[in-house]
Structures are given as C-alpha cells and as structure tokens.
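Spelled out, the chains give:
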Amino acid sequence: MARPAGRVLVVEDEPKISEVVCSYLRRDGYEPLAVAGGAEALRAAERDAPILVILDLMLPDLPGEEVCRRLRAKSRVPVIMLTAKAEDADAVAGLGLGADDYVAKPFSPRQLMARVEAVLRRSAGEAEAQARRLSFGDGDLELDARTAEVRKRGALVDLTPSERRLLMVLAANPGRVYSRNELIDRALGPDFDGFDRTVDAHVKNLRQKIETDPREPRYVQTVQGLGYRFARG
Ligand code: CA
C-alpha cells in the first residue's frame, strides 16, 4: 500500500520528542518538517502546504490553542494536538478548537502514527465527499463528481476513465502531493500495468485536454521527485 508523499508539519519545542516523531514519519514515507514555535508554524503552514499538522499544546511563544485557531481560520489542514497530560486532552477537546485528534504525552510513536493514518484517511474521505462540484480559475475548469462531467470554459471535455479518475483524485485535495504509486492505487486501479511512466502519459494527455497551455500547466502540477498535485486556489 502506497503512502502519501506529503509534508507533515511537526510543531514541538522539545527536541527529543520532535526528533522521534520526525523519524517515525520519515519511516512511514512522510516528509516531516519540524518547527519549535507557533509563529514559525503558521509561516510554515502557509509556505509548505502540509497535509497534516502535529501540534504541541505548550509552545514557548504562542499557545497551541491559538496556533490551531489561526491555522483553522486559513485552511482545512488536519491537526493532531499533543498534550502534556490526559486532563489537557479533555480541556482542549472542550474548547472546540477544531483539532482532528489529540494524543496525550507520554505517547508511543506507534500510537501517534496510527492516529496520523486515521486522521489522514478521514480527511481525505471528507475532502472527496465535499468535492462533488468543484470550480477552478473563475469557472475556467469545472468538475462534477456525480455526473462525472468536466468542463473547460463551459465546454464538455472528453476524458478517458483513467484521466477522469486521476483528475478527480488530484482535484479533491488541492495542494496535496500524490506519488505516482498512490495515483496508481487510487485512480488507476488493480488492473493497471503498474508502470510509473504510464501515470506520466495519462497526466500528459489530461493536460492536453484541461490546461490552456499544457506546457505551463496551471492545474495539474509536477512536483519534482515526488509526483503530482492539483494547484491550490
Ligand atoms: Ca512543549
């Protein structure tokens, strides 16, 4: 099973905990990005488009609650809070900050990684559910997942089933990087021949149909060494 090749922002001022969390994330195929403070976390969240934020509640500059609130004001990125005590977890939950999950310290890295997977699975499902109708570039490109129709400047685009599934998976989570293996798993299915280059060929054909300039793709972007992502905004 392919793992998402996405960045995970780790906001934790205790170096030992941060290192352990990062090494487990790396081992599971994620790209950890460690910061030690809240202000830095907010900058990194905007700049680096993480797929998930692991956020310590007690930070030296801003309280974790405040960081979570500000993250939420700008994005739907899932947040897992790290709390110092079990009581804190209850308190944080009661504040309704919009964190997706809580893990009380001390935690086992394996326990945290299980939460990471569960939260990512859940948020991908929600994003796909909400992605029934999507419009990009002021109506330049429109997708309707129910009718499976794709329109470019109002005109129906004729896509192959593989191109259509690729587009729907990518567009359901703008900004999220999908590895070629993950796209094979999620969009092309078990009958797919499994060659990474075939993913590239489908993407190339897709760009010919939905991009105004396929050589300068606005929607389906290549992320060098990682895979593809659908542009945000
Ligand atoms: Ca701390």
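The rules behind these values
- Residues numbered from 1 in each chain as written.
- Predicted model: local features only at pLDDT ≥ 70, side-chain atom pairs only at ≥ 80, totals over all residues.
- Heavy atoms only, no water.
- Helix = DSSP H or I, 4+ residues; strand = E, 2+ residues; numbered from the N terminus.
- Buried < 20%, exposed > 50% of the residue type's maximum accessible area, 1.4 Å probe, protein only.
- Pairing = 2+ DSSP bridges.
- Axes fitted to C-alpha atoms, helices over the stretch in contact; angles between N-to-C directions.
- Arc of directions from axis to C-beta.
- Contact = heavy atoms within 4.5 Å.
- Parallel < 35°, antiparallel > 145°, perpendicular 65-115°, else oblique.
- Left-handed = near helix turned anticlockwise from the far one by under 90°.
- Nonpolar A, V, L, I, M, F, W, Y, C, P; charged D, E, K, R; others polar.
- Core = buried A, V, L, I, M, F, W, Y, C linked by side-chain atoms within 4.5 Å.

Trainee: Could you clarify how one ought to interpret the overall build of the protein chain in this entry?
Mentor: Counting its secondary structure elements, the protein chain contains 8 helices and 12 strands. In the protein chain, which comprises 233 residues, the share counted as buried stands at 46%.

Trainee: Explain the sheet that holds strand β9 (residues 155–156) here, please?
Mentor: Strand pairing in a sheet is mediated by backbone hydrogen bonds. Such pairs are either parallel or antiparallel. Ordered by their spatial adjacency, 4 strands build an open sheet running β6-β7-β8-β9, and the pairing between neighbours is antiparallel. Since the sheet does not close on itself, it has two edges, and those belong to β6 (133–136) and β9, each with one partner. By the bridge criterion, 4 bridges tie strand β7 (residues 141–144) to strand β8 (residues 149–152) in an arrangement that is antiparallel. Counted as the bridge partner of Leu 141 is Lys 152 from β8.

Trainee: Can you help me understand the sheet that holds strand β2 (residues 31–35) in this one?
Mentor: Pairing is parallel in the open sheet, where 5 strands are placed in the order β2-β1-β3-β4-β5. Across the chains shown, the open sheet's two edge strands, defined by having one partner strand only, are β2 and β5 (101–104). Taking each pair of neighbouring strands and ignoring which way they run, the sheet shows an average axis angle of 20 degrees. Of the pairings in the sheet, the one linking strand β1 (residues 7–11) to β2 comprises 5 bridges and is parallel in character. Directly across from Leu 9, in β2, lies its bridge partner Leu 33.

Trainee: Would you take a moment to explain helix α3 (residues 64–74) for this structure?
Mentor: In an α-helix, one turn spans 3.6 residues, which is why side chains three or four residues apart end up on the same side. Residues of α3 that are buried include every one of Gly 64, Val 67, Cys 68 and Leu 71, and no others. Seen along its axis, α3 keeps its buried residues to an arc of 100 degrees; they face one direction. Considering only its buried residues, α3 is in contact with α2 (38–48), β3 (52–56) and β4 (79–83).

Trainee: For this particular structure, what's the right way to read the packing of helix α6 (residues 161–172) against helix α7 (residues 180–188)?
Mentor: Packed helices, taken two at a time, are described by their axes: the angle between them and the distance between them. The interhelical angle for the contact between α6 and α7, taken along N-to-C directions, is 115 degrees, at an axis separation of 9 Å. The orientation of α6 with respect to α7, classified from their angle, is roughly perpendicular. At the point where α6 passes α7, the crossing takes the right-handed sense. The residues of α7 that touch α6, namely those facing Ser 162, Arg 165, Leu 166, Val 169 and Leu 170, are Leu 183, Arg 186, Ala 187 and Leu 188. Residue composition of the contact of α6 with α7, by class: 6 nonpolar, 1 polar and 2 charged.

Trainee: I'm lost on the side chain of Ser 179 in this one. Help?
Mentor: Residue placement: Ser 179 occurs in the loop between β10 (177–178) and α7. You can call Ser 179 buried: its relative accessible area is 12%.

Trainee: What exactly am I supposed to notice about the environment of Asn 205 here?
Mentor: Here Asn 205 lies in helix α8 (residues 196–210). Residue Asn 205 is classed as partly exposed on the basis of its relative accessible area of 36%. Note: C-alpha distance between Asn 205 and Thr 160 (45 residues apart in sequence) is 9.4 Å.

Trainee: Can you help me understand the nonpolar core in this one?
Mentor: Soluble globular proteins tend to pack their nonpolar side chains together in the buried interior. Ranked by internal contacts, the top residues of the largest apolar core, which has 25 residues, are Ile 210 and Phe 230. Of all the secondary-structure elements, those providing two or more residues to this core are β6, β7, α6, α7, α8 and β12 (227–230). In terms of residues, this core owes the most to one element, α6, which gives 5 residues. Ignoring sequence-local partners within four residues, the contact set of Phe 230 consists of Phe 136, Leu 141, Leu 167, Leu 170, Ala 171, Pro 174, Gly 175, Arg 176, Tyr 219 and Val 220. Core analysis: the next-biggest nonpolar cluster, separate from the first, contains 19 residues, Val 11, Leu 71, Met 81 and Ala 99 among them.

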